[in-house]
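An overview of the molecular structure
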Amino acid sequence: RAFQNCADCQQRGIELKVSINLSSKDLHDLELPDQIAGLTAKTGIQPERVVFEITESSIMGDPARALIIVERLRGMGYQFSIDDFGTGYSSMSYLKKLPLSELKIDKSFVLDMLSSENDAIIVRTIVDLAHNLGFTVTAEGIENTETLNMLKNMGCDIGQGFLFGKAMPLADLEKWLSNRAST
């Protein structure tokens, strides 16, 4: 559905990048790249419009097999993000092995960074680490402008959270985007 929705938006002139979560099961399914190739052909979607989100823990079951899947999809032009970074079994070796383009800072650090110096330090460290590795950084869980401003000052690239909007159906998203464009 995400592929078709993205393709539909693209046909209507709405340029979106769609993030799709891949489960541990997905990351160990050797047929997944072929299924994705079929969806790509069927919908006409451009791979650069899709970011596959994976968690650190989803890789752990069979890291070698997961890396094969990720590298095949990356070879097709898809991008990858580590979702909920910092909450799993972090291994710096995966950051250099996986063909990533983005780290998403888990909301558990972002939500309390105004009141917790330790959380603020962790967020700043992740932003710096990600940028030094050439990744884009997305912060999850932004609920107020003070947090947004702090993240901007740290150099965070993208924000996600209730400050901007809640999860919504595609039709509502299109209306929301239209309203934002007109203001």
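Structural notes, computed from the coordinates. Since the model is a prediction, treat every value here as computed from it, not as a measurement. (Residues numbered from 1 in each chain as written. Predicted model: local features only at pLDDT ≥ 70, side-chain atom pairs only at ≥ 80, totals over all residues. Heavy atoms only, no water.)

1. Comments concerning the pattern of salt bridges
Counted under the stated rule, the structure contains 5 salt bridges. The salt bridge involving arginine 12 is made with glutamate 174; its shortest N-O contact spans 2.4 Å. Highlighted residues: arginine 12 in the loop between α1 (2–11) and β1 (18–21) and glutamate 174 in helix α10 (residues 170–182), separated in sequence by 162 residues. According to the relative accessible area criterion, glutamate 174 is partly exposed, its value standing at 21%. Bridged by salt links that share partners, the residues Glu53, Lys104 and Glu140 form one connected network. (Salt bridge = Lys/Arg side-chain N within 4 Å of Asp/Glu carboxyl O. Helix = DSSP H or I, 4+ residues; strand = E, 2+ residues; numbered from the N terminus. Buried < 20%, exposed > 50% of the residue type's maximum accessible area, 1.4 Å probe, protein only.)

2. Here we look at the pairing of strand β4 (residues 102–105)
Neither face of β4 is open: one carries Glu102 and Lys104, the other Leu103 and Ile105, and all of them are buried. Sheet topology note: the strand β3 (residues 79–85)/β4 ladder contains 3 bridges and is parallel. In the sheet register, phenylalanine 85 faces β4, and the bridge partner there is isoleucine 105. Bridge count between β4 and strand β5 (residues 136–139): 4 bridges; the pairing is parallel. Across the sheet, leucine 103 pairs through a bridge with valine 137, a residue of β5. (Pairing = 2+ DSSP bridges.)

3. With respect to the nonpolar core
With 43 residues, the main nonpolar core has Phe52, Ile54, Leu103 and Val123 as its most contacted residues. In terms of residues, this core owes the most to one element, helix α8 (residues 117–132), which gives 5 residues. Contacts of phenylalanine 52, omitting those with residues within four sequence positions, involve Phe3, Ile20, Leu22, Ile36, Leu73, Tyr78, Gln79, Phe80 and Ser81. (Core = buried A, V, L, I, M, F, W, Y, C linked by side-chain atoms within 4.5 Å. Contact = heavy atoms within 4.5 Å.)

These figures capture arrangement, not role.
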